[in-house]
Amino acid sequence: MMHILLILAGAMLVAVAYNFFLIPHEILSSGLSGIAIMLGIVTPLNTGVLNLLLNLPLLVLGVMKLGKRFIAYTILSVLSLSLFLYIIPITQLSTEPILSSLFGGVLTGAGVGITFRASASSGGFDIIAMLLARKRDFPLGTLLSIMNAVVIVAAGFLFSWDAALSTLITIYATGKVVDTIHTKHIKLTLHIVTSKGDALCEKMLKNLYRGITVTEGKGAYSGESRSVLMTVITRYQLNEVKQMIQEVDPHAFVNITQTVEVVGLFHRE
């Protein structure tokens with residue numbers, strides 16, 4: 001239920017950003033949604049309907065590559081966004097295009113980031129970005145910004161280069177906010193000193209999709225033997241790992257540091 005509520009909230013934020021800030025000034029958003037806005041401006045079709053039609057092929061790709069649960073949430077996100085775009089009236093809140101592009105980008109990034117945190121996506125290029133991020137562990141916001149160059153060029157030729165530059169501001173703001181909210185690409189290194197190394201290692205290997213390196217240590221003060229477990233996880237997995245450590249060995253010593261880069265096999269086969 002929490003995931004569903006987050007997805008609905010994210011879709012609502014994106015729809016408000018489009019209909020209140022971007023569409024009134026002919027500013028495009030990122031990805032297929034930006035293309036839907038562009039087609040909605042130059043054709044009599046509703047942006048919400050176009051957004052749904054453009055996303056259908058990528059949703060089929062997502063079912064094959066990203067799993068049924070993820071795509072079920074994504075379908076809910078796409079349908080919700082399309083519905084909100086349809087029922088929320090297009091209203092110009094600001095007469096200043098630059099402010100509108102900035103606020104529209106921030107709201108869009110917040111909505112997309114919340115959707116990602118709910119284990120879903122808003123469809124379109126997000127699905128492609130998720131597939132690439134799984135392969136290379138790139139920041140999703142950065143990937144989305146790179147793929148949206150075509151939207152900026154299209155805005156320049158169809159409308160004006162002022163609109164293209166405003167679109168660039170929107171896409172940049174969206175990418176930055178997405179990376180702030182969606183921190184899955186951030187890696188953490190954990191060193192866990194515990195007297196219950198075998199039990200904790202077994203539990204983590206069973207529930208955590210990561211490899212673990214075990215070394216033997218000795219307490220300088222107590223002289224007692226300890227196991228030292230080292231693993232690299234994503235920022236999202238930290239609470240889960242903390243709970244596992246608490247359940248097995250509440251007295252374990254844990255050192256958590258942010259990892260700059262991971263070279264080699266990060267995903268446990």
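Reading guide: rules and limits
Residues numbered from 1 in each chain as written. Predicted model: local features only at pLDDT ≥ 70, side-chain atom pairs only at ≥ 80, totals over all residues. Heavy atoms only, no water. UniProt positions renumbered as here; feature names shortened; annotations may be inferred. Helix = DSSP H or I, 4+ residues; strand = E, 2+ residues; numbered from the N terminus. Phe/Tyr/Trp six-rings, centres within 6.5 Å; stacked < 30°, edge-to-face > 60°. Buried < 20%, exposed > 50% of the residue type's maximum accessible area, 1.4 Å probe, protein only. Pairing = 2+ DSSP bridges. Axes fitted to C-alpha atoms, helices over the stretch in contact; angles between N-to-C directions. Contact = heavy atoms within 4.5 Å. Expected span 1.5 Å × (residues − 1). Left-handed = near helix turned anticlockwise from the far one by under 90°. Nonpolar A, V, L, I, M, F, W, Y, C, P; charged D, E, K, R; others polar. Parallel < 35°, antiparallel > 145°, perpendicular 65-115°, else oblique. Core = buried A, V, L, I, M, F, W, Y, C linked by side-chain atoms within 4.5 Å. pLDDT = per-residue confidence, 0-100.

Caption draft 1: Geometry of the UniProt feature "transmembrane region" (unreviewed entry) in the chain. The positions UniProt marks with the feature "transmembrane region" (unreviewed entry) are residues 35-58, 70-92, 98-119 and 140-161. Between the C-alpha atoms that bound residues 70-92 there is a distance of 34 Å. The span itself is 78% helix and 0% strand. The annotated region residues 98-119 carries 91% helix and 0% strand content, and the separation between its end C-alpha atoms amounts to 32 Å.

Caption draft 2: Here's a closer look at the packing of aromatic side chains. Enumeration according to the criterion identifies one aromatic pair in this entry. Centre to centre, the rings of Phe21 and Phe103 are 6.2 Å apart; their planes meet at 20 degrees, and the pair counts as stacked. Placement of the pair is Phe21 in helix H1 (residues 2-22) and Phe103 in helix H5 (residues 97-117), with a sequence separation of 82 residues. Judged by its relative accessible area of 12%, Phe21 is buried.

Caption draft 3: Fine view of the sheet that holds strand S3 (residues 225-234). If you trace the four strands from one edge of the open sheet to the other, you get S2-S3-S1-S4, paired in antiparallel fashion. Strand pairing shows two members of the sheet lacking a second neighbour, strand S2 (213-218) and strand S4 (253-259), which therefore form its edges. Across the sheet, the axes of successive neighbouring strands diverge by a mean angle of 20 degrees, strand direction being ignored. In the sheet, S2 pairs with S3 via six bridges, with the strands oriented antiparallel. Among the inter-strand pairings, Lys218 is bridged to a residue of S3, identified as Ser225. Here helix H10 (residues 197-207) sits on the sheet in contact with strand S1 (187-194), S2 and S3, set at roughly 20 degrees to S3. Across the face of the sheet, helix H11 (residues 238-248) comes into contact with S1, S3 and S4 while running at roughly 5 degrees to S1.

Caption draft 4: View of H1. The end-to-end C-alpha separation of H1 is 29 Å, in line with the 30 Å expected for 21 residues at 1.5 Å each. Listed as buried for H1 are Ile7, Gly10, Ala11, Val14, Ala15, Val16, Ala17, Tyr18, Asn19, Phe21 and Leu22. Its buried side turned inward, H1 meets helix H2 (31-42), helix H4 (68-87), H5 and helix H9 (161-181).

Caption draft 5: Broad picture of the packing of H1 against H4. Axis separation between H1 and H4 bottoms out at 8 Å; the angle between their running directions is 35 degrees. Here H1 and H4 pass one another in a crossing that is right-handed. In this structure, H1 uses His3, Ile4, Ile7, Leu8, Ala11, Met12, Val14, Ala15, Tyr18 and Asn19 to contact H4, whose residues at the interface are Arg69, Tyr73, Leu76, Ser77, Ser80, Leu81, Phe84 and Leu85. Considering only residue class, the contact of H1 with H4 consists of 13 nonpolar, four polar and one charged.

Caption draft 6: Inspection of the packing of H1 against H5 at higher detail. Viewed as axis vectors pointing N to C, H1 and H5 meet at an angle of 165 degrees, and their least axial separation amounts to 7 Å. Classified by the angle their axes make, H1 and H5 are roughly antiparallel. Here H1 runs over H5; the crossing is left-handed. Taking contact as the criterion, the partners of Leu6, Ile7, Gly10, Ala11, Leu13, Val14, Val16, Ala17, Tyr18, Phe21 and Leu22 in H1 are, on H5, Ser100, Ser101, Phe103, Gly104, Leu107, Thr108, Ala110, Gly111, Val112, Ile114 and Thr115. Considered class by class, the residues forming the contact of H1 with H5 number 15 nonpolar, seven polar and no charged.

Caption draft 7: Inspection of the nonpolar core at higher detail. Formed by 19 residues in total, the largest nonpolar core has its most connected members in Ala15, Tyr18 and Leu81. Elements represented by at least two residues in this core include exactly H1, H2, H4 and H5. Element by element, the count of residues in this core is highest for H1, at six residues.

Caption draft 8: Seen up close, the side chain of Ser227. Residue position: Ser227 is located in strand S3. With sequence-adjacent residues up to four places away left out, Ser227 is seen in contact with Ile192, Val193, Thr194, Gly197, Val214, Thr215 and Glu216.

Caption draft 9: Structural context of H9. A rise of 1.5 Å per residue sets the reference length of H9, with its 21 residues, at 30 Å; its end C-alpha atoms lie 30 Å apart and thus fit the reference within 8%. Burial in H9 covers these residues: Ala163, Ala164, Ser166, Thr167, Thr170, Ile171, Ala173, Thr174, Gly175, Val177, Val178 and Asp179.

Caption draft 10: The confidence of the model for the chain, seen in detail. Averaged over all residues, the pLDDT of the chain equals 81, while 86% of them reach at least 70. The secondary structure element of the chain with the lowest average pLDDT is helix H7 (residues 140-147), at 63, and the one with the highest is S1, at 91.

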